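# A closer look at the structure
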Amino acid sequence: MKTYRIHLIRHGLTDDNIKGVYSGRNETALSEEGKAQLLQMKEEYKYPQVDFVFSSPLKRCKETAEILYPHLNPIVIDELTEYNFGEFEGRTAEELHEKEPLFDRWLLGDENIKPPFGESNREFINRICNAFVKIIDGVVKSGSDNVAIITHGGVISIIMENLFPAENKNRYQWQPKPG
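Residues numbered from 1 in each chain as written. Predicted model: local features only at pLDDT ≥ 70, side-chain atom pairs only at ≥ 80, totals over all residues. Heavy atoms only, no water.

## Let's talk about the packing of helix α6 (residues 121-142) against helix α7 (residues 153-163)
Axis separation between α6 and α7 bottoms out at 10 Å; the angle between their running directions is 80°. Overall, the two elements α6 and α7 adopt an arrangement that is roughly perpendicular. Seen from α6, the contacting residues are Phe 124, Ile 125, Ile 128, Cys 129 and Phe 132; seen from α7, they are Gly 154, Val 155, Ile 158, Ile 159, Asn 162 and Leu 163. Split into classes, the residues belonging to the contact of α6 with α7 amount to nine nonpolar, two polar and no charged. (Axes fitted to C-alpha atoms, helices over the stretch in contact; angles between N-to-C directions. Helix = DSSP H or I, 4+ residues; strand = E, 2+ residues; numbered from the N terminus. Parallel < 35°, antiparallel > 145°, perpendicular 65-115°, else oblique. Contact = heavy atoms within 4.5 Å. Nonpolar A, V, L, I, M, F, W, Y, C, P; charged D, E, K, R; others polar.)

## Digging into the packing of helix α2 (residues 32-45) against helix α3 (residues 59-68)
At a minimum axis separation of 10 Å, α2 and α3 run at an interaxial angle of 35°. For the crossing formed where α2 meets α3, the hand is right-handed. Judged by residue contacts, Lys 35, Leu 38, Leu 39 and Lys 42 of α2 engage Glu 63, Thr 64, Ile 67 and Leu 68 from α3. The class makeup of the residues in the contact of α2 with α3 is four nonpolar, one polar and three charged. (Left-handed = near helix turned anticlockwise from the far one by under 90°.)

## Brief notes about the packing of aromatic side chains
To describe a pair of aromatic rings, you give the distance between the ring centres and the angle between the ring planes. As enumerated under the stated definition, the model contains 11 aromatic pairs in all. Where Tyr 83 meets Phe 124, the ring centres are 4.7 Å apart and the plane angle is 65°; that geometry is what we call edge-to-face. Placement of the pair is Tyr 83 in the loop between β3 (75-76) and α4 (93-99) and Phe 124 in helix α6, with a sequence separation of 41 residues. There is no split in this pair, since Tyr 83 and Phe 124 are both buried. An aromatic cluster of at least three residues, connected via ring pairs, comprises Tyr 22, Tyr 83, Phe 85, Phe 88, Phe 103, Trp 106 and Phe 124. (Phe/Tyr/Trp six-rings, centres within 6.5 Å; stacked < 30°, edge-to-face > 60°. Buried < 20%, exposed > 50% of the residue type's maximum accessible area, 1.4 Å probe, protein only.)

## With respect to the layout of surface pockets
There is about 570 Å³ of room inside the largest pocket. If you trace the largest pocket, you find 27 residues lining it, with Tyr 22, Glu 82, Phe 85, Gly 154 and Gln 175 closest to the centre. Going through the elements one at a time, α1 (15-19), α5 (103-107), α6 and α7 are the ones with two or more residues in the lining of the largest pocket. Counted by class, the lining of the largest pocket contains nine nonpolar, 13 polar and five charged residues. (1 Å grid on protein atoms, 1.4 Å probe; cavity = no way out; pocket = protein on both sides within 12 Å on 5 of 7 lines; lining within 4 Å. Points joined across faces, edges and corners; volume = space filled by probe spheres on them.)

## What to know about the sheet that holds β3
Across the sheet, which stays open at both edges, the four strands sit in the order β1-β4-β2-β3 with parallel pairing between neighbours. Looking at which strands have only one partner, the edges of the open sheet turn out to be β1 (5-10) and β3. In this sheet, β3 lies alongside strand β2 (residues 52-55) in parallel orientation, the contact comprising two bridges. Bridged to Ser 55 within β3 is Val 76. (Pairing = 2+ DSSP bridges.)

## Considerations on the nonpolar core
Counting residues in each nonpolar core, the largest one holds 22 residues, and the members touching the most others are Phe 54, Leu 80, Trp 106 and Ile 135. Counting residues per element, the ones that place at least two in this core are α5, α6, β4 (146-151) and α7. With six residues, the top contributor of residues to this core is α6. Residues in contact with Phe 54, not counting those within four places in the same chain, are Ile 75, Ile 77, Leu 80, Ile 135, Val 139, Val 147, Ala 148, Ile 149 and Ile 150. Listed in part, the 15 residues of the second largest apolar core include Tyr 47, Leu 72, Ala 148 and Ile 150. (Core = buried A, V, L, I, M, F, W, Y, C linked by side-chain atoms within 4.5 Å.)

The analysis is restricted to geometry; functional conclusions fall outside its scope.
Here is the structure:
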């Protein structure tokens with residue numbers, strides 16, 4: 001049986017990450033600190049050499065791909081975009097907790113709740129799991145066995161929560177650090 005290595009990498013640090021705001025679909029660039037951290041981590045941790053890099057279409061992911069894998073052109077997968085936070089976009093959890101009555105239920109993972117003009121938790125889970133299956137199918141067909149996916153914390157946590165349910169961790173416990 002052939003073994004496949006799929007490296008899930010969260011984009012580098014952004015100013016929105018530092019501010020603690022929900023930044024799903026915003027075209028937020030990497031901060032200067034984020035770029036420096038990625039270069040330092042690349043030196044210290046020796047990111048794995050891969051055959052292909054898949055990326056979210058958002059700037060922070062494509063910038064991360066360019067820093068970590070400058071010799072590879074990322075394959076952009078639109079479905080790897082972060083959660084559509086709708087009207088929660090650009091706001092902090094503290095602000096939303098105080099002003100949005102559905103926020104706490106949404107945050108607890110209620111699959112039917114969605115931010116105004118955003119997507120529900122169930123829609124997000126379905127989109128991400130379907131995208132991951134398509135990527136794996138493409139990897140198997142390509143003959144490659146070693147790829148990286150550069151995407152968002154929410155996307156990675158959904159993949160991990162759904163691939164490793166026996167670990168008994170929820171999506172927040174799977175949340176990776178930038179880079």
